[in-house]
Amino acid sequence: MSQSLAAAGTATVPPAELTLAGDLARPSRLTVPDLLAWPQHEADVSFECATSGVQHHRFTGPLLHEVLSAAGPGFDPARRKDRLRFLIAVTGADGHHALLSWAEIDPDFGHAAVLLAATIDATPLDRAGPQLVLPQDRCGARHISGISAIRVDGGYTSWA
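Residues numbered from 1 in each chain as written. Predicted model: local features only at pLDDT ≥ 70, side-chain atom pairs only at ≥ 80, totals over all residues. Heavy atoms only, no water.

**Focus: the overall build of the protein chain**
Filter applied, for reference: Strands are runs of DSSP state E lasting at least two residues, helices are runs of H or I lasting at least four, and both sets are numbered from the N terminus onward. Contacts are assigned to residue pairs that have any heavy atoms within 4.5 Å of one another. Counted charges follow a simple rule, with Lys and Arg positive, Asp and Glu negative, and His plus the chain ends left uncounted. Charge coordinates come from a single atom per side chain, which is NZ of Lys, CZ of Arg, CG of Asp or CD of Glu.
The number of helices and strands found in the protein chain is four helices and 11 strands. Expressed as lengths along the three principal axes of its C-alpha atoms, the size of the protein chain is roughly 65 × 35 × 30 Å. Long-range contacts, defined as pairs at least 24 residues apart, comprise 59% of the intrachain contacts of the protein chain with a sequence gap of at least 6. Looking at charge distribution, the protein chain has the averaged site of its 12 positive side-chain charges lying 6 Å from that of its 17 negative ones.

**Considering the layout of surface pockets**
Put simply, the rule is: Using protein atoms alone on a 1 Å grid, points that fit a 1.4 Å probe yet trap it form a cavity, whereas open point sets bounded by protein on both sides within 12 Å along at least five of seven lines form a pocket; residues with an atom within 4 Å of a point count as lining. Grid points are joined across faces, edges and corners, and a volume is the space filled by probe spheres set on the points. Side-chain classes follow a simple rule in which Ala, Val, Leu, Ile, Met, Phe, Trp, Tyr, Cys and Pro form the nonpolar group, Asp, Glu, Lys and Arg form the charged group, and the remainder, Gly included, forms the polar group.
As a volume, the largest pocket reaches approximately 210 Å³. When residues of the lining of the largest pocket are traced back to their parent elements, those giving at least two are strand S3 (41-49) and strand S4 (53-61). The class makeup of the residues in the lining of the largest pocket is seven nonpolar, six polar and one charged.

**Side note on the sheet that holds S3**
This is how the line gets drawn: Only strands joined by at least two bridges in the DSSP assignment are considered to pair.
Spatial ordering of the open sheet is given by S3-S4-S8-S9, a layout of four strands whose pairing is antiparallel. Looking at which strands have only one partner, the edges of the open sheet turn out to be S3 and strand S9 (123-124).

**Quick word on the pattern of salt bridges**
For the record, the criterion: Each salt bridge in this description consists of a side-chain nitrogen of Lys or Arg and a carboxyl oxygen of Asp or Glu lying within 4 Å of one another. A simple rule labels every residue: compare its accessible area, found with a 1.4 Å probe on the protein chains alone, to the largest value its type can have, and call it buried under 20%, exposed over 50%, or partly exposed in between.
Tallied over the full model, the rule gives nine salt bridges. The partner of Asp-106 in a salt bridge is Arg-83, with the nearest N and O atoms 2.9 Å apart. Pair noted here: Asp-106 is in the loop between helix H4 (102-105) and strand S7 (115-117) and Arg-83 is in the loop between helix H3 (64-70) and strand S5 (87-92), with a separation of 23 residues, a long-range link. For Arg-83, a relative accessible area of 24% gives the class partly exposed. The partner of Arg-142 in a salt bridge is Asp-137, with the nearest N and O atoms 2.8 Å apart. Through salt bridges with shared partners, a single ionic network connects Glu-42, Asp-44 and Arg-58.

**Concerning the sheet that holds strand S11 (residues 147-153)**
Note the threshold: Every angle, taken between N-to-C directions, lies between 0 and 180 degrees, and every axis is a line fitted to C-alpha atoms, over only the stretch in contact when it is a helix.
An order of S2-S1-S11-S5-S6 is seen for the five strands of this open sheet, with the pairing classed as mixed. The open sheet has two edge strands with one neighbour each: strand S2 (28-31) and strand S6 (97-101). Taken pair by pair, the neighbouring strands of this sheet meet at an average axis angle of 20°, ignoring direction. Two elements, strand S1 (residues 17-22) and S2, share four bridges in a ladder whose sense is antiparallel. Residue Thr-19 lies in a different strand from S2, and its bridge partner there is Arg-29.

**What about the side chain of Thr-60?**
Inspection of the secondary structure puts Thr-60 in strand S4. Each residue touching Thr-60, except ones within four places of it in the same chain, is listed here: Gln-40, His-41, Glu-42, Leu-116, Ala-117, Ala-118 and Thr-119.

**What to know about the nonpolar core**
The cut-off we apply is this: As used here, the term nonpolar core means buried Ala, Val, Leu, Ile, Met, Phe, Trp, Tyr and Cys residues forming a set that is joined through side-chain atoms within 4.5 Å.
Counting 37 residues, the largest nonpolar core has Leu-20, Leu-64, Leu-68, Ile-88, Leu-132 and Ile-150 as its most contacted members. Non-local contacts of Leu-68, meaning those with residues more than four positions away in its chain, are made with Leu-20, Leu-24, Pro-73, Ile-88, Trp-102, Ile-105, Ile-150 and Val-152.

**Focus on the packing of aromatic side chains**
For any two aromatic rings, the description comes down to two numbers: the centre-to-centre distance and the angle of the planes. Formally: For Phe, Tyr and Trp, rings pair up if their centres lie within 6.5 Å, where Trp contributes its six-membered ring, and each pair is then called stacked (planes under 30 degrees apart), edge-to-face (over 60) or tilted (otherwise).
Applying the stated criterion to the full structure yields two aromatic pairs. With a centroid separation of 5.0 Å and 80° between ring planes, the pair formed by Phe-75 and Trp-102 is classed as edge-to-face. Pair noted here: Phe-75 is in the loop between H3 and S5 and Trp-102 is in helix H4, with a separation of 27 residues, a long-range link. Exposure remark for Phe-75: the relative accessible area of 27% places this residue in the partly exposed category. We classify Trp-102 as buried; its relative accessible area is 1%. Of the aromatic side chains, those joined through ring pairs into one cluster are Phe-75, Phe-86 and Trp-102.

In short, the description is geometric, and any link to function would need to be established separately.
Next up, the structure:
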């Protein structure tokens with residue numbers, strides 16, 4: 001019995017996973033090691049945190065646009081600019097949420113270099129999970145730690 005207790009003490013915790021879901025041809029589950037296999041981009045970010053003042057960090061990871069594009073968003077090719085109606089909802093393990101439009105991250109429109117950060121200050125985020133990083137934001141409110149889910153939605157009903 002002491003042998004199994006010793007083994008339990010050294011058991012490794014699996015890396016955190018994020019779920020890609022919604023209007024996607026290829027929904028999936030991704031870990032930080034999966035994200036490290038993508039082309040990496042770096043961003044030195046300074047943002048104001050309401051509780052601890054200005055924060056400075058270097059993040060690396062793939063672009064959100066590249067990862068979501070590979071998942072096959074359900075754009076209708078017969079509809080001009082159909083991708084402009086798509087929303088991206090990001091949820092953190094701690095319950096924080098952020099909402100982006102596809103146009104923000106699309107190179108033909110806003111072209112914001114939004115990262116799915118796999119490292120912060122050269123430390124891998126394997127256990128905590130990736131972070132949503134918006135280098136252009138002055139306030140860090142849309143920086144979501146420990147992303148648990150990203151949902152792409154183009155099917156909501158218009159208000160008209």
